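# Structural overview for review
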Amino acid sequence: MLDVRNKNDSPNIKRYNLETFLSLNGVNLSGGQKQRVSLARAVYQDADIYLLDDPLSAVDSHVGAHIFKHVIGPDGALRNKTRILATHDISVLQDVDKIYVLSEGKILESGSYLELMNQKGEFARLIEENRKKEAGDDDEDSSPETNENEDKSTKRMSAGDLRAQMQRSGSRLSRSLSRTTSRTLSAEEKEAKNARLIENERMETGRVKASIFWTYFRYATLHLTFLFLLGFTAFKCFEIGSNVWLSQWSSDEPLPDGSQNVPLRNMRMGIYGLLGLGQGLSTLIATIIMAIASTRASIRFHQSMLWSIMRSPMAFFDTTPLGRILNRFGKDIDIVDVSIPGKLQNVVMVIIAAIGSLIVISMTHPVFIVIMIPLCIVYTFVQIFYMSSSRQIRRLHSITKSPVLSFFSETVQGLSTIRAFGSQHEFIEMQDKYIDINSRVFVPAIMLSRWMGIHLQFIGNLVVFITALLSVAQRRTYSPAIVGLTLSYALSVTENLSNLVRHWTSVETQMISVERIHEYSHLTPEASWKTECTSFDLNSWPSKGAVTFRNYKMRYRAGMELVLQGINVDISAGQKVGVVGRTGAGKSSLALALFRIVEPEEGTIFIDGIDTSVIGLQDLRSKITIIPQVLFIFSNLL
């Protein structure tokens, strides 16, 4: 089948084979190539019935005749199949078994080619109009004498002779173009076989850089970050102060007559109430500041990444699956919006709580400071091991999630084709495979979490044991209230240390989302959007519309062959120019070159004598209109 499809193909197409990777929507194929790949896939299905919706519309006449002869026609690969062909190409109608002429949703005529021609109905009128139109086009380019002779011969010419003449003309033109293209091949095309169409997603290793944290705090504004930290520090100080004050209150002695000291009680109660009020106000203010700061950071990250991607060259979209972009705008932005602010708050609270617990214990038992040194060493080792492993697991989760989103997006876009080929189960299996790969990271994540929990529980139990041992040894030095307060903080050390590692690791792993957003916020952009300075009136440019190509060479990206090789063309103002070429010859590439969608490898384009490379992209593209080969219709009023 590949031999049938590519036998008379242009040299640019021969490099494709069954192992060629097609990117999303086939951006590495021209319109004709897409139709031919679709037809080849349909033939491979070996179905009994084929519905062909004008598969010859995007190919030239020679290739169309070749496809019809070897694939669709009476002697083609589908000769034993039922073929329903919807087409505008009347040259192939003589080789079909039956013709149905449709108009306004109704069947006007039906029958074989000869039957419809003999009926002298709508079909015969259509054939006659086409014959006159072809003859008229030839008359415009011929001398009067030649026109007269050709007019007589055309009147005597049957539809079959006209069809054969059209095919011979198309064949000569196609062979001429093929020979011309063959002479321009270079060694670059051989090297282009190794050009990667889809770049692998890059994954960082090691710790999240301090610059990523700095970027987040800078986007959140530094003064708000400082006030947020100050507010939660004040909250924890008020909380520790209220607990210490409550322990001292419980140690107050009654009066000699056994009654309660009312003034002292009122003073204790008032200060305790003020400490509680301080906790409430400080946490309220800190939470409001944190919400404002995190919202600012989210908005700035989103705007920065959106602007960077919108200003990226087309090569980025050709080599980047849509799922990667959706993953960053979806999951990663969601983490920056929702998860990171709460985790940062938890980290700050736990750090202050852990420091406060150790300060309370050390004030009661100063020797505890010496004992804490080896415990801190063990704790640091556990934390480093856990965090380094957790970071990579998080990165693996983000990397493996992009194929899930990309494949799902492609499946939704091609759902009608998938159903037509009956390939639902194959695509479900492929989607399940991507989901399984993404889910594998959860097993080591759970095991790592359990490992960390066991070791932190051991360290916390040691802290409680040592604190209790010191309290018993110094039971005559401190009051029961202070000893109880110390033991309560010692019991909370286990939870604080565990939460500290978990929350800090969670913050660092979620900062990977900031890292990924930051990566897409600094993509290599296109050229300048606005014209910097000009020596001509940009508002009146172009005034004529003369276009000149000078030794213009273009490749879609590094590592691929040149698609335009030394183009030299002068198009005068007001001319109507036809660009003719085989499928994949570079016709659409000329339009991309005019819009500077792809920058040149070498050479220059002049419009009204002005080098387009010095004009800003917005100014240039707003002066040119294009009707692309593939149309995009947005949801809005007509």
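How each quantity is defined
- Residues numbered from 1 in each chain as written.
- Predicted model: local features only at pLDDT ≥ 70, side-chain atom pairs only at ≥ 80, totals over all residues.
- Heavy atoms only, no water.
- Helix = DSSP H or I, 4+ residues; strand = E, 2+ residues; numbered from the N terminus.
- Buried < 20%, exposed > 50% of the residue type's maximum accessible area, 1.4 Å probe, protein only.
- Areas by Shrake-Rupley, 256 points an atom, 1.4 Å probe, with all protein chains shown as cover.
- Pairing = 2+ DSSP bridges.
- pLDDT = per-residue confidence, 0-100.
- Contact = heavy atoms within 4.5 Å.
- Axes fitted to C-alpha atoms, helices over the stretch in contact; angles between N-to-C directions.
- Expected span 1.5 Å × (residues − 1).
- Bend = angle between axes of the 7 residues up to and from the residue.
- Arc of directions from axis to C-beta.
- Parallel < 35°, antiparallel > 145°, perpendicular 65-115°, else oblique.
- Phe/Tyr/Trp six-rings, centres within 6.5 Å; stacked < 30°, edge-to-face > 60°.
- Lys NZ or Arg CZ within 6 Å of the ring centre and 35° of its normal.
- Polar contact = N/O pair within 3.5 Å; in protein donor to acceptor, adjacent residues only side chain to side chain.
- Core = buried A, V, L, I, M, F, W, Y, C linked by side-chain atoms within 4.5 Å.
- 1 Å grid on protein atoms, 1.4 Å probe; cavity = no way out; pocket = protein on both sides within 12 Å on 5 of 7 lines; lining within 4 Å.
- Points joined across faces, edges and corners; volume = space filled by probe spheres on them.
- Nonpolar A, V, L, I, M, F, W, Y, C, P; charged D, E, K, R; others polar.
- Salt bridge = Lys/Arg side-chain N within 4 Å of Asp/Glu carboxyl O.
- Right-handed = clockwise from strand over helix to strand, strands pointing away.
- Patch = residues over 30% accessible without salt bridge, like charges linked within 9 Å, V, L, I, M, F, W, Y side chains within 5 Å.
- Lys, Arg positive; Asp, Glu negative; His and termini not counted.
- Charge placed at Lys NZ, Arg CZ, Asp CG, Glu CD.

### Some words on the overall build of the protein chain
What the protein chain contains, in helices and strands, is 20 helices and eight strands. Here the protein chain holds 638 residues, and the buried ones make up 39% of them. Carbon and sulfur atoms make up 60% of the accessible area of the protein chain, which amounts to about 36600 Å² in all.

### Considerations on the pairing of strand S7 (residues 602-607)
Two strands pair when backbone bridges link them, and strand S5 (residues 547-554) and S7 are joined in this way by five bridges, in the antiparallel orientation. The partner of Lys 553 across the bridge, within S7, is Glu 602. Relative to strand S8 (residues 610-611), S7 runs antiparallel, the two sharing two bridges. Bridge pairing in S8 links Ile 607 to Ile 610. The hairpin turn running from S7 into S8, its antiparallel successor, is two residues long, and Asp 608 in that turn takes a positive phi close to 55°.

### Things to note about the confidence of the model for the protein chain
Within the protein chain, residue pLDDT values average 76, and 80% of them lie at 70 or more. No element of the protein chain has a lower mean pLDDT than helix H8 (residues 187-191), which averages 41, and none a higher one than S5, which averages 89. A low-confidence stretch, residues 143-160 stays under pLDDT 50, and its non-local contacts, those more than four residues away or across chains, total 16 contacts.

### Comments concerning the sheet that holds S5
Here we have four strands laid out as an open sheet, ordered S6-S5-S7-S8, and antiparallel in their pairing. Sheet topology places strand S6 (564-571) and S8 at the edges, where each strand pairs with a single neighbour. Here helix H19 (residues 587-594) sits on the sheet in contact with S5, S6 and S7, set at roughly 110° to S5.

### Structural notes on helix H14 (residues 368-413)
Relative to the 68 Å expected for 46 residues at 1.5 Å per residue, H14 spans 65 Å between its end C-alpha atoms, a close match to the ideal helical length. Taking the largest bend as the criterion, H14 deviates by roughly 30°, centred on Pro 374.

### What about H19?
If you check which residues of H19 are buried, you get Ser 589, Leu 590 and Ala 593. Taken around the axis of H19, the buried residues stretch over an arc of 105°, which confines them to a single face. Contacts from the buried residues of H19 go to S5, S6 and S7. Arg 596, located one to two residues past H19, shows a positive phi value of around 55°.

### Some thoughts on the packing of H14 against helix H17 (residues 442-473)
Interaxial distance between H14 and H17 falls to 10 Å at its minimum, and their mutual angle equals 170°. Here H14 is positioned roughly antiparallel relative to H17, judged by the angle of their axes.

### Side note on the packing of aromatic side chains
All told, the structure shown has eleven aromatic pairs when counted by the stated rule. With a centroid separation of 5.1 Å and 80° between ring planes, the pair formed by Phe 228 and Phe 232 is classed as edge-to-face. One end of the pair is Phe 228 and the other is Phe 232, both in helix H10 (residues 222-250) and four residues apart, which spans about a single turn. By way of ring pairs, the aromatic residues Tyr 216, Phe 217, Tyr 219 and Phe 301 are connected into one cluster. Positioned above the aromatic ring of Tyr 520 is the side chain of Arg 328, whose terminal nitrogen or guanidinium carbon lies 3.8 Å from the ring centre. Positioned above the aromatic ring of Tyr 434 is the side chain of Lys 433, whose terminal nitrogen or guanidinium carbon lies 5.4 Å from the ring centre.

### A closer look at the side chain of Thr 215
Note on placement: Thr 215 falls in helix H9 (residues 210-219). Here the side chain of Thr 215 touches Ser 211 through a polar contact of 2.7 Å, landing on its backbone oxygen. Apart from the residues within four sequence positions on either side, Thr 215 is in contact with Phe 301 and His 518.

### Topic: the nonpolar core
Ranked by size, the top nonpolar core spans 36 residues in total, and within it Tyr 216, Phe 301, Ile 340, Met 511 and Val 514 carry the most contacts. Those elements that place two or more of their residues in this core are H9, H10, helix H11 (262-310), helix H13 (322-364) and helix H18 (480-520). No other element matches H13, which puts ten residues into this core. With near-sequence residues (within four places) excluded, Val 514 lies in contact with Ile 212, Tyr 216, Phe 301, Val 336 and Ile 340. In terms of nonpolar packing, the next biggest core, distinct from the first, is built from 15 residues, Val 547, Tyr 552, Leu 590 and Val 598 among them.

### Considerations on the layout of surface pockets
Here the idea is plain: a probe the size of a water molecule rolls over the atoms and shows the empty space left. Approximately 960 Å³ is the volume attributed to the second largest pocket. Around the second largest pocket, the lining comprises 27 residues; the ones closest to its centre are Leu 85, Thr 87, Leu 93, Ile 99 and Tyr 100. When contributions to the lining of the second largest pocket are tallied by element, the ones reaching two or more residues are helix H3 (61-72), strand S2 (82-86), strand S3 (99-103) and helix H5 (122-140). Ranked by residue count, the leading element in the lining of the second largest pocket is S3, at five residues. Tallied by class, residues from the lining of the second largest pocket come to 15 nonpolar, four polar and eight charged.

### Brief notes about the pattern of salt bridges
Scanning all chains against the criterion turns up twelve salt bridges. A salt bridge links Asp 570 to Arg 550, with the nearest nitrogen and oxygen atoms 2.9 Å apart. Here Asp 570 is found in strand S6, whereas its partner Arg 550 is found in strand S5, with 20 residues between them in sequence. The shortest N-O distance in the salt bridge between Lys 553 and Glu 602 comes to 3.9 Å. Separated by 49 residues along the polypeptide, Lys 553 in strand S5 and Glu 602 in strand S7 bring together distant segments of the chain. By relative accessible area, which is 24% here, Lys 553 ends up partly exposed. Look at Glu 602 and you get partly exposed, because its relative accessible area is 39%. If you follow the salt bridges from partner to partner, you end up with Glu 122, Arg 125 and Glu 129 in one network.

### A word on the pairing of S2
As paired strands, strand S1 (residues 49-53) and S2 are joined by five bridges and run parallel to one another. For Leu 52, the partnering residue across the bridge sits in S2 and is Leu 85. Following the backbone out of S1, through H3 and into the adjacent parallel S2, one traces a crossover that is right-handed.

### Quick look at a negative patch on the surface
A grouping of Glu 426, Glu 429, Asp 432 and Asp 436 is seen on the molecular surface, where their side chains present a negatively charged patch. Topologically, Asp 436 is positioned in helix H16 (residues 424-439).

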